[in-house]
Amino acid sequence: MAWPKSLNAAGIIEKLKQKIASLQQQWRRTRREIERLRQENEQLRQERERLREENEWLKRQLEEAQRASKRQAAPFSRGRRKADPQRPGRKSGAAYGRRYGKAIPEHVDQVIAVPAPVRCECGGKLKVESIKSQYQQEIVRKTIWRRFDIPICRCQLCHKRVQGRDPRQTSDALGAAAVQLGPDALALAVQMNKGLGIPHADVAAVLKDSFQLQVNRSTICRAVERVARRGEATWHALRDAARRSMVNAIDETGWNVEAQLRWLWVVVSEQVTFCDILPGRGFEQAAALLGPDYDGWLTHDGWAVYYKFLRAGHQSCIAHLLRRCRDMAAVASASAARFPLQVKALLEKGLALRDRYNQGELSRHGLWTATGRLEAQLDRLLVRPVRDSANRRLKNHLWRERSYLFTFLYCPGLDATNNAAERALRPLVVARKNWGGNRTAKGARAQAVLTSILQTARQQGKNPLDRLIALLVGKDPAKILDLVPPTREIPQDSSPGPPPRKVRARDPLELVALYAVPKAVDGTQVSVQP
């Protein structure tokens with residue numbers, strides 16, 4: 001280092017001190033920067049570790065959710081067992097509950113005397129002290145042959161050929177088609193195929209193994225078409241009854257016809273179930289079921305097409321929203337799960353209000369007041385900002401459904417869910433898994449006709465087999481079965497909830513709540529639709 005000649009030793013020392021001080025200050029700044037970078041690096045490392053753990057947790061949750069949708073029963077569920085599970089079966093003692101038993105039959109067709117055992121296990125002789133009775137209800141697997149001796153007549157005036165007919169005949173065919181199946185066998189085959197979703201080949205196997213009936217699949221297929229053809233008049237009458245119903249639950253699902261995607265629609269009222277298979281899932285198809293001017297109440301899953309029934313009142317299914325909130329909370333982080341859990345709590349409060357009203361704990365005035373407070377809580381929740389994308393989608397959906405979430409509280413007796421339509425679709429979904437759909441358009445029409453008749457009969461507590469037999473033995477193609485209600489229906493609430501513990505007298509205003517837009521306590525109209 002070269003120093004100027006004019007500087008003396010004191011000046012050189014002063015310069016060195018300044019240089020050292022500058023280097024020390026620079027070193028301190030560098031050390032602080034290193035320390036800041038070290039802290040920032042530590043924070044980033046911790047954040048990376050947290051994100052890695054959260055990612056692993058989300059992967060596990062997603063895997064469990066996907067597995068649960070396909071493996072719901074042990075041992076395939078792979079869920080963790082409870083540490084202290086409850087004992088299976090009925091409780092002992094007073095906690096057993098109400099005991100039920102089958103009534104002893106008034107008439108017994110066969111009495112069997114059971115021989116007494118000769119000796120005890122110890123070798124001692126036995127003495128009969130009393131005789132106790134046990135009853136068994138059994139089916140008789142017996143196939144009979146009938147022969148109908150049919151008179152063939154000729155009219156003396158017009159020379160027309162006329163033959164007799166017995167009420168148990170299903171056809172007038174003679175000659176090569178003189179050997180047939182009876183109405184009970186055909187009705188059972190149709191019931192197994194369309195009512196239980198069993199394929200034609202399996203139906204033939206059941207009839208052969210159980211009753212020694214040699215039946216071909218084509219025979220069952222022709223029987224299905226014949227019954228459906230004779231039931232079309234009843235099917236059209238059921239559609240008219242559904243249009244007259246004050247309240248309907250409506251839903252749709254995919255269906256295959258000729259290997260092409262179609263849609264199976266179902267409309268369920270208090271006494272009628274109507275099904276149809278249509279080429280789309282738009283308003284045109286929905287209006288083909290109920291008519292474009294349907295002015296009753298609709299409970300559905302929130303599909304936008306249903307809101308095009310402008311004259312109808314709407315109730316969006318609460319069960320769908322509860323399930324969506326539960327599924328979102330199961331796979332979301334702790335902060336993101338807060339919003340769906342809050343929505344779920346509000347919806348459950350609405351169901352609790354309905355149950356309290358049904359049990360007589362709330363008046364109609366109190367029910368509507370509490371409903372207004374519940375809606376205010378929902379509004380305050382929806383105006384809060386959310387960051388998670390799934391929560392934003394749920395929030396936007398709730399804004400669209402806002403006017404239709406608590407209609408069942410303003411109209412006591414209206415179902416809070418579309419469970420009736422879901423239950424009507426469930427057997428058809430099982431059948432779709434068994435044999436995929438229909439091969440022809442004629443088969444799809446038969447599916448819709450027979451499903452409507454069978455489910456309506458079961459819904460009204462009538463024997464489906466008797467209705468199928470009535471169609472098989474009838475000759476009138478315009479015959480309508482006794483399944484069509486004559487007047488407009490007033491439904492009962494079928495949504496999940498405890499039965500009412502008290503019986504309250506319903507006043508006239510409440511009895512007409514389903515027939516008009518409900519009134520608030522101050523006399524103003526409550527808006528339940530756009």
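Remember, predicted model here, so these are calculated numbers, not experimental data.

A look at empty space enclosed by the protein
Stage number 1. Counted under the stated rule, the structure contains 2 cavities of 30 Å³ or more.
Stage number 2. Lining the largest cavity, in full, are Lys194, Gly195, Leu196, Gly197, Pro427, Leu428, Ala431, Thr451, Leu454, Gln455 and Arg458.
Stage number 3. Counting residues per element, the lining of the largest cavity draws most heavily on helix 13 (residues 441–459), which supplies 4 residues.
Stage number 4. A class-by-class count of the residues in the lining of the largest cavity yields 5 nonpolar, 4 polar and 2 charged.
Stage number 5. Space inside the second largest cavity adds up to approximately 40 Å³.
Stage number 6. Taken together, Arg230, Ala470, Leu471, Gly474, Lys475, Asp476 and Lys479 form the lining of the second largest cavity.
Stage number 7. For the lining of the second largest cavity, a count of residues per class yields 2 nonpolar, 1 polar and 4 charged.

Some thoughts on the pattern of salt bridges
Pairing between side chains becomes possible if they bear opposite charge and their charged atoms approach one another.
Stage number 1. For the structure shown, the criterion picks out 20 salt bridges.
Stage number 2. We note a salt bridge from Glu47 to Arg50, for which the minimum N-O separation is 2.6 Å. Of this pair, Glu47 and Arg50 both sit in helix 1 (residues 9–70), 3 residues apart, roughly one helical turn.
Stage number 3. Looking at Arg50, the relative accessible area reads 41%, which means it is partly exposed.
Stage number 4. Salt-bridge contacts for Asp172 lead to Arg165; the nearest nitrogen and oxygen are separated by 2.6 Å.

Thoughts on the packing of helix 5 (residues 232–244) against helix 6 (residues 283–290)
Stage number 1. Two numbers describe how helix 5 lies on helix 6: the axes approach to 7 Å, and their chain directions differ by 100°. In terms of their interaxial angle, helix 5 and helix 6 are classed as roughly perpendicular. Residues Arg239, Ala242 and Arg243 of helix 5 form the contact with helix 6, whose own contacting residues are Ala287, Ala288, Leu289 and Leu290.
Stage number 2. Tallied by class, residues from the contact of helix 5 with helix 6 come to 5 nonpolar, no polar and 2 charged.

Here's the deal with the environment of Val331
Stage number 1. Assignment of secondary structure puts Val331 in helix 7 (residues 318–331).
Stage number 2. Look at Val331 and you get partly exposed, because its relative accessible area is 33%.
Stage number 3. In the structure, Val331 is positioned 273 residues away from Leu58 in sequence and 6.3 Å away in space, judged by C-alpha atoms.
Stage number 4. For Val331, the contacting residues outside a window of four places in its chain are Trp57, Leu58, Gln61 and Ala65.

Digging into the packing of aromatic side chains
Stage number 1. Using the criterion set out here, one finds 6 aromatic pairs in the structure.
Stage number 2. Between Trp255 and Trp435, the ring centres sit 6.1 Å apart and the planes meet at 90°, which makes this aromatic pair edge-to-face. Taken together, the positions of Trp255 in strand 3 (residues 247–257) and Trp435 in helix 12 (residues 419–435) put the pair 180 residues apart, joining distant regions of the chain.
Stage number 3. Looking at Trp255, the relative accessible area reads 1%, which means it is buried.
Stage number 4. Overall, the relative accessible area of 21% leaves Trp435 in the partly exposed class.
Stage number 5. Each ring, one from Tyr307 and one from Tyr404, has its centre 4.5 Å from the other, and the planes form 25°; the classification is stacked. On the criterion of sequence distance, the pair formed by Tyr307 in the loop between strand 6 (297–300) and strand 7 (313–316) and Tyr404 in the loop between helix 10 (389–401) and helix 11 (407–410) is long-range, its members being 97 residues apart.
Stage number 6. The class for Tyr307 is buried, based on a relative accessible area of 17%.
Stage number 7. Just above the ring of Trp303 sits the side chain of Arg281; from NZ or CZ to the centre is 4.0 Å.

Focus: the pairing of strand 5 (residues 273–278)
Stage number 1. Most of strand 5 sits out of view: 6 of its 6 residues are buried.
Stage number 2. Here strand 5 shows two buried faces, one formed by Thr273, Cys275 and Ile277 and the other by Phe274, Asp276 and Leu278.
Stage number 3. Note: strand 4 (residues 260–268) against strand 5, 6 bridges, orientation antiparallel. Across the sheet, residue Val267 finds its bridge partner in strand 5, namely Phe274.

Thoughts on the confidence of the model for the protein chain
Stage number 1. With 88% of its residues at a pLDDT of 70 or more, the protein chain shows a mean pLDDT of 84.
Stage number 2. With pLDDT under 50 throughout, residues 493–530 is counted as low confidence; its partners more than four residues away or in other chains account for 82 contacts.

Concerning helix 7
Since there are 3.6 residues in each turn of an α-helix, residues three or four apart along the chain are aligned in direction.
Stage number 1. Relative to the 20 Å expected for 14 residues at 1.5 Å per residue, helix 7 spans 21 Å between its end C-alpha atoms, a close match to the ideal helical length.
Stage number 2. Listed as buried for helix 7 are Ile318, Ala319, Leu321, Leu322, Cys325, Met328 and Ala329.
Stage number 3. On the buried face of helix 7, the contacting elements are strand 7, helix 8 (338–358), helix 10, helix 11 and helix 12.

What about the nonpolar core?
Stage number 1. Counting residues in hydrophobic clusters, the biggest one holds 49 residues, and the most contacted among them are Trp265 and Leu290.
Stage number 2. Of the residues forming this core, the biggest block, 7 residues, is contributed by helix 13.
Stage number 3. By size, the runner-up hydrophobic cluster in this structure holds 33 residues, among which are Cys325, Val343, Phe408 and Leu414.

Quick look at the environment of Leu471
Stage number 1. On the secondary structure map, Leu471 appears in helix 14 (residues 464–473).
Stage number 2. Overall, the relative accessible area of 2% leaves Leu471 in the buried class.
Stage number 3. For Leu471 and Arg229, which are 242 residues apart along the polypeptide, the C-alpha to C-alpha distance reads 9.2 Å.

Considerations on a positive patch on the surface
Stage number 1. A cluster of basic side chains, namely Arg28, Arg29, Arg31 and Arg32, defines a positive patch on the protein surface.
Stage number 2. Tracing the backbone through its elements, the reader meets Arg28 in helix 1.

Observations regarding a nonpolar patch on the surface
Stage number 1. Together, Ile104, Val108, Val111 and Tyr135 make up an exposed nonpolar region whose accessible area comes to about 430 Å².
Stage number 2. With respect to the element layout, Tyr135 can be found in the loop between helix 1 and strand 1 (152–154).
Stage number 3. Note on Tyr135: relative accessible area 44%, which makes it partly exposed.

Here's the deal with unusual backbone geometry
Stage number 1. Of note, the phi angle at Gln212 is positive, near 55°, even though the residue is not glycine.
Stage number 2. Topologically, Gln212 is positioned in the loop between helix 3 (200–211) and helix 4 (217–230).
Stage number 3. Backbone geometry places Ala259, a non-glycine residue, at a positive phi of 65°.
Stage number 4. You can see Ala259 is positioned in the loop between strand 3 and strand 4.

Reading the values: the criteria
- Residues numbered from 1 in each chain as written.
- Predicted model: local features only at pLDDT ≥ 70, side-chain atom pairs only at ≥ 80, totals over all residues.
- Heavy atoms only, no water.
- 1 Å grid on protein atoms, 1.4 Å probe; cavity = no way out; pocket = protein on both sides within 12 Å on 5 of 7 lines; lining within 4 Å.
- Points joined across faces, edges and corners; volume = space filled by probe spheres on them.
- Helix = DSSP H or I, 4+ residues; strand = E, 2+ residues; numbered from the N terminus.
- Nonpolar A, V, L, I, M, F, W, Y, C, P; charged D, E, K, R; others polar.
- Salt bridge = Lys/Arg side-chain N within 4 Å of Asp/Glu carboxyl O.
- Buried < 20%, exposed > 50% of the residue type's maximum accessible area, 1.4 Å probe, protein only.
- Axes fitted to C-alpha atoms, helices over the stretch in contact; angles between N-to-C directions.
- Parallel < 35°, antiparallel > 145°, perpendicular 65-115°, else oblique.
- Contact = heavy atoms within 4.5 Å.
- Phe/Tyr/Trp six-rings, centres within 6.5 Å; stacked < 30°, edge-to-face > 60°.
- Lys NZ or Arg CZ within 6 Å of the ring centre and 35° of its normal.
- Pairing = 2+ DSSP bridges.
- pLDDT = per-residue confidence, 0-100.
- Expected span 1.5 Å × (residues − 1).
- Core = buried A, V, L, I, M, F, W, Y, C linked by side-chain atoms within 4.5 Å.
- Patch = residues over 30% accessible without salt bridge, like charges linked within 9 Å, V, L, I, M, F, W, Y side chains within 5 Å.
- Areas by Shrake-Rupley, 256 points an atom, 1.4 Å probe, with all protein chains shown as cover.
- Lys, Arg positive; Asp, Glu negative; His and termini not counted.
- Charge placed at Lys NZ, Arg CZ, Asp CG, Glu CD.

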